[in-house]
Amino acid sequence: MSERPLLQPVAAPFFEKNTLELARTLLGCLLVKETEEGVAAGFIVETEAYMGAWDRAAHSYGNRRTKRTEVMFQSPGYVYTYQMHTHCLVNVVSGLEDIPEAILIRAIEPYIGTGLMFARRKVKEVKQLTNGPGKLTKALGITMKDYGRVFYERPLFIAEGFKPEQIMTGPRIGIDNTGEAKHYPYRFWVKDNPFVSRR
């Protein structure tokens, strides 16, 4: 991580992997948001995969197709934002077209625009800036207006970053009322990274 990666969006084919593979591949990549206030970016250090029609934890369980989930039925690489309580959460649409799978970005490690992140988040410690899915969107300036964009074009995009030395796997977080789905090991994180939401 000593050399600053070029802030160029990855190409669309980058997202053409099965969802579980993509959830791991995204770790170490840069999540970048360009706004009028400036550029903010961080390395993705935690993701969760949601496997669509048969995954009771997925918004698209049973192929549920609503105004909110419509983008999940698009081709891989689309931006799926949704509101949870007062927070906006951001997901990478994955899987083939009409197979509504997605990957929640749960945490990032700040890299560019840390001052801007502090201005948006009003916290004291850098560790608190982006160690959760609602925190990172606020820090980067990701909003519901980003719904339906693609992650391979500006202003919200994925760029190359670093390759994690070790990736950990475990159950997803905050989905207690989903039966057996709460036990699926579909959460992935960079081992020992201090910005992971829960270790």
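Summary of the structure given here. Just so we're clear, the structure is a prediction, and the values are computed from it rather than from any experiment.

## Considerations on the packing of aromatic side chains
Right, so step 1: Within the structure shown, the criterion is met by eight aromatic pairs.
Right, so step 2: Pairing Y184 with Y186 gives two aromatic rings, centres 5.4 Å apart and planes at 50 degrees, and the pair type is tilted.
Right, so step 3: When its relative accessible area of 18% is taken as the criterion, Y184 is described as buried.
Right, so step 4: Classification of Y186 by relative accessible area gives buried; the value is 13%.
Right, so step 5: Taken together, the aromatic side chains of F14, F15 and Y152 make up a single cluster linked through ring pairs.
Right, so step 6: The cationic tip of R65 hangs over the ring face of F73; the distance from NZ or CZ to the ring centre is 4.2 Å.

## A short note on the nonpolar core
Right, so step 1: One finds L31, I44, F151 and I158 to be the most contacted residues of the largest nonpolar core, which totals 51 residues.
Right, so step 2: In terms of residues, this core owes the most to one element, strand 5 (residues 101-112), which gives six residues.
Right, so step 3: Non-local contacts of I158, meaning those with residues more than four positions away in its chain, are made with Q8, P9, V10, F14, F15, L26, C29, L30, L31, I44 and F151.
Right, so step 4: With seven residues, the next largest nonpolar core counts L30, A41, I112 and A159 among its residues.

## Looking at helix 2 (residues 114-121)
Right, so step 1: For helix 2, the complete set of buried residues consists of L116, M117, R120 and R121. Viewed along the axis of helix 2, the buried residues span an arc of 125 degrees, placing them on a single side of the element.
Right, so step 2: If you follow the buried residues of helix 2, they end up packed against strand 1 (30-35), strand 2 (38-50), strand 5 and helix 3 (133-140).

## Side note on the packing of helix 2 against helix 3
Right, so step 1: Packing of helix 2 against helix 3 leaves a shortest axis separation of 7 Å and a crossing angle of 115 degrees. Regarding the angle of helix 2 to helix 3, the classification is roughly perpendicular. Regarding helix 2 and helix 3, the two cross each other, and that crossing is right-handed. Contacts between helix 2 and helix 3 involve M117, R120 and R121 from the former and K135, K138, A139 and L140 from the latter.
Right, so step 2: Here the contact of helix 2 with helix 3 is built from residues that sort into three nonpolar, no polar and four charged.

## Notes on unusual backbone geometry
For residues besides glycine, phi is generally negative; the peptide bonds are generally trans as well.
Right, so step 1: Looking along the chain, the bond that leaves R154 and enters P155 is cis, with omega of 15 degrees.
Right, so step 2: Among the secondary structure elements, P155 is positioned in the loop between helix 3 and strand 6 (156-159).
Right, so step 3: If you check the backbone angles, K122 has positive phi at about 55 degrees while not being a glycine.
Right, so step 4: Looking at where K122 falls in the secondary structure, it is placed in the loop between helix 2 and helix 3.
Right, so step 5: Residue classification places K122 among the exposed positions, given a relative accessible area of 68%.

## Regarding the side chain of E46
Right, so step 1: Position of E46 relative to the elements: it lies in strand 2.
Right, so step 2: E46 sits in the buried class, given a relative accessible area of 0%.
Right, so step 3: In terms of polar contacts, E46 uses its side chain to reach the side chain of R187, at 2.7 Å.
Right, so step 4: Non-local contacts of E46, meaning those with residues more than four positions away in its chain, are made with L27, L104, I105, R106, A107, I173, R187, F188, W189, V196, S197 and R198.

## Points about the pattern of salt bridges
It is possible for side chains bearing opposite charge to pair when their charged atoms get close.
Right, so step 1: Tallied over the full model, the rule gives ten salt bridges.
Right, so step 2: K33 is the partner of D146 in a salt bridge, and the nearest nitrogen-oxygen pair spans 3.0 Å. Here D146 is found in the loop between helix 3 and strand 6, whereas its partner K33 is found in strand 1, with 113 residues between them in sequence.
Right, so step 3: Of the charged contacts, one joins R120 and E37 as a salt bridge, the two residues approaching to 2.7 Å between their closest N and O atoms. Here R120, found in helix 2, pairs with E37, found in the loop between strand 1 and strand 2; they are 83 residues apart in sequence, far enough to count as distant.
Right, so step 4: Each member of the salt-bridge network shares a partner with another, and the members are E46, E48, R106 and R187.

Scoring rules and cut-offs
- Residues numbered from 1 in each chain as written.
- Predicted model: local features only at pLDDT ≥ 70, side-chain atom pairs only at ≥ 80, totals over all residues.
- Heavy atoms only, no water.
- Phe/Tyr/Trp six-rings, centres within 6.5 Å; stacked < 30°, edge-to-face > 60°.
- Buried < 20%, exposed > 50% of the residue type's maximum accessible area, 1.4 Å probe, protein only.
- Lys NZ or Arg CZ within 6 Å of the ring centre and 35° of its normal.
- Core = buried A, V, L, I, M, F, W, Y, C linked by side-chain atoms within 4.5 Å.
- Helix = DSSP H or I, 4+ residues; strand = E, 2+ residues; numbered from the N terminus.
- Contact = heavy atoms within 4.5 Å.
- Arc of directions from axis to C-beta.
- Axes fitted to C-alpha atoms, helices over the stretch in contact; angles between N-to-C directions.
- Parallel < 35°, antiparallel > 145°, perpendicular 65-115°, else oblique.
- Left-handed = near helix turned anticlockwise from the far one by under 90°.
- Nonpolar A, V, L, I, M, F, W, Y, C, P; charged D, E, K, R; others polar.
- Polar contact = N/O pair within 3.5 Å; in protein donor to acceptor, adjacent residues only side chain to side chain.
- Salt bridge = Lys/Arg side-chain N within 4 Å of Asp/Glu carboxyl O.

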